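# Architecture and fold: a report
Each chain, letter by letter, is given below.
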Amino acid sequence: MKVEVEVVSRELIRPSSPTPDHLHRYQLSFLDQISPPVFIPLVLFYSSSEADTNFDITDISNRLKKSLSDVLVQFYPLAGRANDDVFIDCNDKGIPFLETRVNCQLSDVIQNSVPSELNKLVPFQLDEVADLALGVQLNVFDCGGVAIGACISHKIADGLSFLMFIKTWAATARKDHYHQTDDHAVMSPQFVSATLFPPRNISGYNPRVGITKENIVTKRFVFDASKIDSLKSKHGVNDNDHDHEHEQSLESYQRPPSRVEALSAFIWGRYVAATKVGSEAPERVYAIVHAVNLRTRFDPPLPECSFGNLYRIAVTVPRLDTGEECYGLVKQVREQVSHIDKDYVKKLQEGSEHLSFIKQSSENFYKGEMVTLSFTSLCRFPLYEANFGWGKPTWVGSPALPFNNLVVFIDTKSGGGIEAYINMKEGDLAKIESDKEFISFVSSESK
């Protein structure tokens, strides 16, 4: 549904204590440099009917601002200002904090969710990254419920870093309110990315490749756990379809598909079937892209609290001429993901080979020679544990993103289901929505 949002206040929140002089220059890493200049958004909804007491909006606003000021001491680069693609000037200028009034009930937005309308609940246009690293918007609904909309610049952080920040911020707010410390939730970030991946001269590569809002629509589709189980059975790895030269990987190949593996294989298959990709331009390369967390790929693994852009992508090019576009796809994807190992990380740290690869890939993209369907997953992250002191979220939603052919997976609040946010050209998404097999797996919850 359409929502109208009125900004009633706007201020800058600065760290509660100054950043030491020796930390004033935060160097961006090679992986920060090549990450797209967009904001990563998230909106957390809190219904007053689910709390023990009615919300006191003034108290909530003050608590958010105080805890934000406190947590920015640890996450000091977020309160600074970016200097091109080189470094963050950690000058403590602060982050924008907006407060709004929304002219509807919180339940109306949740029950009739339109991702593009959620963009009104975050403080920035997602494709207009300038020098700010973070922004927060407190949205107050007619019913008294609230939604916290936050955006972090992808030039400084990946999704896991963003969620670590939210988790720590929420824990800090709870500590301030209840006067008790949850040591497991308060995480001190480790700013190691530029040490691991020193910056490089990336001239000739445009990080904006793929960013577009032209003719792109975003829709949310809910897949229940029972349907996902059916897809896991359907896309199970065939034991006979195994390269016995890699016996050490046998267990990995035979492991049943995860929820994300099965659902991404299904969506790819229906995308190919519905849009008939490859039939009109067989010379094009069609690829599936999965974001992969690098922290676990180091030897030894990096701590989860390592901050920055510590991810890369696994690219799978499946055959389109088999008639069964998703047959064996889970195995193919696993194989590509398995290549992102400690040896891959070492090469990536050298940088030059990967820079050549992404330059060539972006050139192919601009020429129209490569078409990708990308998947990124926030599943298994504790989004619904973000309790700032007035209860856990009623719902966590993702605004529409400025990319074509991007699918974002988020866990449903309970029951083991997945919400898939599909960002795609309007015509292609309409074809998928008309695909009977696709719709047969979609829950009636989807709007």
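For the structure, see preceding data.
Residues numbered from 1 in each chain as written. Predicted model: local features only at pLDDT ≥ 70, side-chain atom pairs only at ≥ 80, totals over all residues. Heavy atoms only, no water.

### Overview of empty space enclosed by the protein
- Here the structure, examined in full by the defined rule, presents one cavity of 30 Å³ or more.
- Here the largest cavity is characterised by a volume of approximately 60 Å³.
- Lining the largest cavity are Glu 261, Ser 264, Ala 265, Ile 288, His 290, Leu 329, Val 330 and Val 333.
- Elements with a contribution of two residues or more to the lining of the largest cavity: helix H9 (259–275), strand E10 (285–293) and helix H10 (329–338).
- Here the residues of the lining of the largest cavity are counted per class, giving five nonpolar, two polar and one charged. (1 Å grid on protein atoms, 1.4 Å probe; cavity = no way out; pocket = protein on both sides within 12 Å on 5 of 7 lines; lining within 4 Å. Points joined across faces, edges and corners; volume = space filled by probe spheres on them. Helix = DSSP H or I, 4+ residues; strand = E, 2+ residues; numbered from the N terminus. Nonpolar A, V, L, I, M, F, W, Y, C, P; charged D, E, K, R; others polar.)

### Remarks on the layout of surface pockets
- Its volume calculated, the second largest pocket comes out at about 410 Å³.
- Along its surface, the second largest pocket is lined by 21 residues, and Ser 116, Asn 119, Gln 125, Lys 213 and Ala 400 are the ones closest to its centre.
- Sorting the residues of the lining of the second largest pocket by element identifies strand E1 (5–13) and strand E9 (216–223) as the ones contributing at least two each.
- Class assignment of the residues belonging to the lining of the second largest pocket gives a composition of twelve nonpolar, six polar and three charged.

### Details of the pairing of strand E6 (residues 95–102)
- The element E6 is largely enclosed, with a buried count of seven among its eight residues.
- Pairing of E1 with E6, which is carried by eight bridges, proceeds in the antiparallel orientation. Counted as the bridge partner of Val 7 is Thr 100 from E6.
- The pairing of E6 with strand E7 (residues 134–141) spans six bridges and is classified as parallel. Residue Glu 99 lies in a different strand from E7, and its bridge partner there is Leu 138. (Buried < 20%, exposed > 50% of the residue type's maximum accessible area, 1.4 Å probe, protein only. Pairing = 2+ DSSP bridges.)

### Quick look at the packing of aromatic side chains
- The final tally for this structure, using the stated rule, is 22 aromatic pairs.
- Here the aromatic rings of Phe 45 and Phe 141 are separated by 6.2 Å at their centres, their planes lie at 40 degrees, and the arrangement is tilted. With Phe 45 in strand E3 (residues 39–46) and Phe 141 in strand E7, this pair connects stretches of sequence that are 96 residues apart.
- Judged by relative accessible area, which is 0%, Phe 45 ranks as buried.
- Taking the relative accessible area as the measure of exposure, Phe 141 reaches 3% and is therefore buried.
- Judged by centre distance (5.9 Å) and plane angle (65 degrees), the rings of Phe 75 and Phe 307 are edge-to-face. Taken as a pair, Phe 75 in the loop between helix H2 (57–74) and strand E4 (81–83) and Phe 307 in the loop between E10 and strand E11 (311–316) lie far apart in primary sequence, 232 residues in all. (Phe/Tyr/Trp six-rings, centres within 6.5 Å; stacked < 30°, edge-to-face > 60°.)

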